[in-house]
Amino acid sequence: MGKDISKAVIKRLPRYYRYLGVLEEAGVERISSGELSRQMQVTASQIRQDLNNFGGFGQQGYGYNVHHLRQEIAMILGLDHTNNMIVVGAGHLGQALANYANFERNSFHVIGIFDVNPDIIGRKVRGVEIMSVDELPDFLHHHDVEIAALTLPKENAREMAEVLVKNGIHAIWNFAHTDLNLIVPDDVAVQNVHLSESLMRLSYSLKSRQEKYGGAVQDKEA
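What counts and how
Residues numbered from 1 in each chain as written. Predicted model: local features only at pLDDT ≥ 70, side-chain atom pairs only at ≥ 80, totals over all residues. Heavy atoms only, no water. Patch = residues over 30% accessible without salt bridge, like charges linked within 9 Å, V, L, I, M, F, W, Y side chains within 5 Å. Areas by Shrake-Rupley, 256 points an atom, 1.4 Å probe, with all protein chains shown as cover. Salt bridge = Lys/Arg side-chain N within 4 Å of Asp/Glu carboxyl O. Lys, Arg positive; Asp, Glu negative; His and termini not counted. Charge placed at Lys NZ, Arg CZ, Asp CG, Glu CD. Helix = DSSP H or I, 4+ residues; strand = E, 2+ residues; numbered from the N terminus. Pairing = 2+ DSSP bridges. Contact = heavy atoms within 4.5 Å. Axes fitted to C-alpha atoms, helices over the stretch in contact; angles between N-to-C directions. Buried < 20%, exposed > 50% of the residue type's maximum accessible area, 1.4 Å probe, protein only. Phe/Tyr/Trp six-rings, centres within 6.5 Å; stacked < 30°, edge-to-face > 60°. Lys NZ or Arg CZ within 6 Å of the ring centre and 35° of its normal. Parallel < 35°, antiparallel > 145°, perpendicular 65-115°, else oblique. Nonpolar A, V, L, I, M, F, W, Y, C, P; charged D, E, K, R; others polar. Expected span 1.5 Å × (residues − 1).

A.B. asks: I tried to follow a negative patch on the surface on my own but got confused; where do I start?
C.D. replies: A contiguous patch of negative charge, built from Glu129, Asp134, Glu135 and Asp138, is present on the exposed surface. Among the structural elements, Glu129 can be located in strand 6 (residues 128-132).

A.B. asks: Sorry, what's going on with the sheet that holds strand 4 (residues 108-115) here?
C.D. replies: The pairing of strands in a sheet happens through backbone hydrogen bonds and is either parallel or antiparallel. Taken in spatial order, the seven strands of this open sheet run 5-6-4-3-7-8-9, and their pairing is mixed. Unpaired on one side and paired on the other, strand 5 (124-125) and strand 9 (189-192) mark the two borders of the sheet. Bridging between strand 8 (residues 171-174) and strand 9 involves four bridges; their strand directions are parallel. Its bridge partner lying in strand 9, Ile172 is registered against Val190. Lying over the sheet, helix 8 (residues 154-166) contacts strand 3 (83-88), strand 7 (147-150) and strand 8, oriented at roughly 170° with respect to strand 7.

A.B. asks: I would appreciate a short explanation of the pattern of salt bridges in the present structure.
C.D. replies: For side chains of opposite charge, pairing can occur when their charged atoms come near one another. A full pass over the atoms with the stated rule returns five salt bridges. With a closest N to O distance of 3.0 Å, Glu104 and Arg126 form a salt bridge. Here Glu104, found in helix 6 (residues 102-105), pairs with Arg126, found in the loop between strand 5 and strand 6; they are 22 residues apart in sequence, far enough to count as distant. A relative accessible area of 42% means that Arg126 is categorised as partly exposed.

A.B. asks: Can you walk me through the environment of Val133 in this structure?
C.D. replies: Relative to the assigned elements, Val133 resides in the loop between strand 6 and helix 7 (136-142). A residue is classified by how much of its surface remains accessible, and Val133, at 18% relative accessible area, is buried. Residue contacts for Val133: discarding those within four places in its chain leaves Val88, Phe114, Asp115, Val116 and Met160.

A.B. asks: Teacher, can you tell me more about the packing of aromatic side chains here?
C.D. replies: Two measures describe an aromatic ring pair: the distance that separates the ring centres and the angle between the ring planes. Tallying each qualifying case throughout the model produces four aromatic pairs. Taking 4.8 Å as the distance between ring centres and 65° as the angle between the ring planes, the aromatic pair formed by Trp173 and Phe175 counts as edge-to-face. You can call Trp173 partly exposed: its relative accessible area is 25%. Members of the aromatic cluster, joined through ring pairs, are Tyr100, Phe103, Trp173 and Phe175. Above the ring of Tyr17, the side-chain terminus of Arg70 is found at 4.0 Å from the ring centroid.

A.B. asks: Please explain the packing of helix 1 (residues 7-25) against helix 2 (residues 33-40) as it appears in this structure.
C.D. replies: A pair of packed helices is characterised by two quantities: the angle between their axes and the separation of those axes. Interhelical geometry of helix 1 versus helix 2 gives an angle of 105° and a closest axis separation of 11 Å. Here helix 1 lies roughly perpendicular to helix 2, going by the angle between them. Between helix 1 and helix 2, the contacting residues are Arg15, Tyr16, Tyr19 and Leu23 on the first element and Leu36, Gln39 and Met40 on the second. Here the contact of helix 1 with helix 2 is composed, by residue class, of five nonpolar, one polar and one charged.

A.B. asks: I keep staring at helix 8 and nothing clicks. Help me out?
C.D. replies: An α-helical turn contains 3.6 residues, so a residue and the one three or four places further along point in the same direction. Compared with the 18 Å implied by 1.5 Å per residue over 13 residues, the 19 Å span of helix 8 between its first and last C-alpha is a close match. Among the residues of helix 8, those classed as buried are Ala157, Met160, Ala161 and Leu164. Buried residues in helix 8 make contact with strand 3, helix 7, strand 7 and strand 8. Positive phi shows up at Gly168, right after helix 8, with a value of about 100°.

Okay, structure coming up:
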């Protein structure tokens, strides 16, 4: 691509990809930026600016070919090839991630699950056996894996991140309650997912709408 793309643009790309997928399944062959903006609640100007970062893809008077644009965005997002991934931490969240069938639809395949709990080692989640973390380095040595989902407690996450990087992982999807950006090398991508922060943002949105439209939550003791 040759230039830095803002995080805001990157954040919107998966939404474009998802909406275009819905349109494609509905048999829509082409769409204008105006029509797409109404569905996504993003201005048509913003859509054009975002896509122009990567070449535009539209034709004046025609709009966008839905299938072609979705393919182009898939390439930008690295979804045009299989992305093998592992899950480290096979508790409730880890197993839920491993069970998520839509990963495969979007080219992400969970091929390994690891945990320290002997009570669950040997069980299978969607056909993938939970292995001991002791087997992790050897597994990574023999399999092509660059992405790891980390669902460990905070106190174990940093040490495990170092193990993952040492053994060839180049991207960490981190669900632990600690930011890993400062402890991994610059060539390792980290996406920190804080579920509680997302819930807090939802709570703020709820509160804002109640204040705007009325119907604020009443004090239960009132």
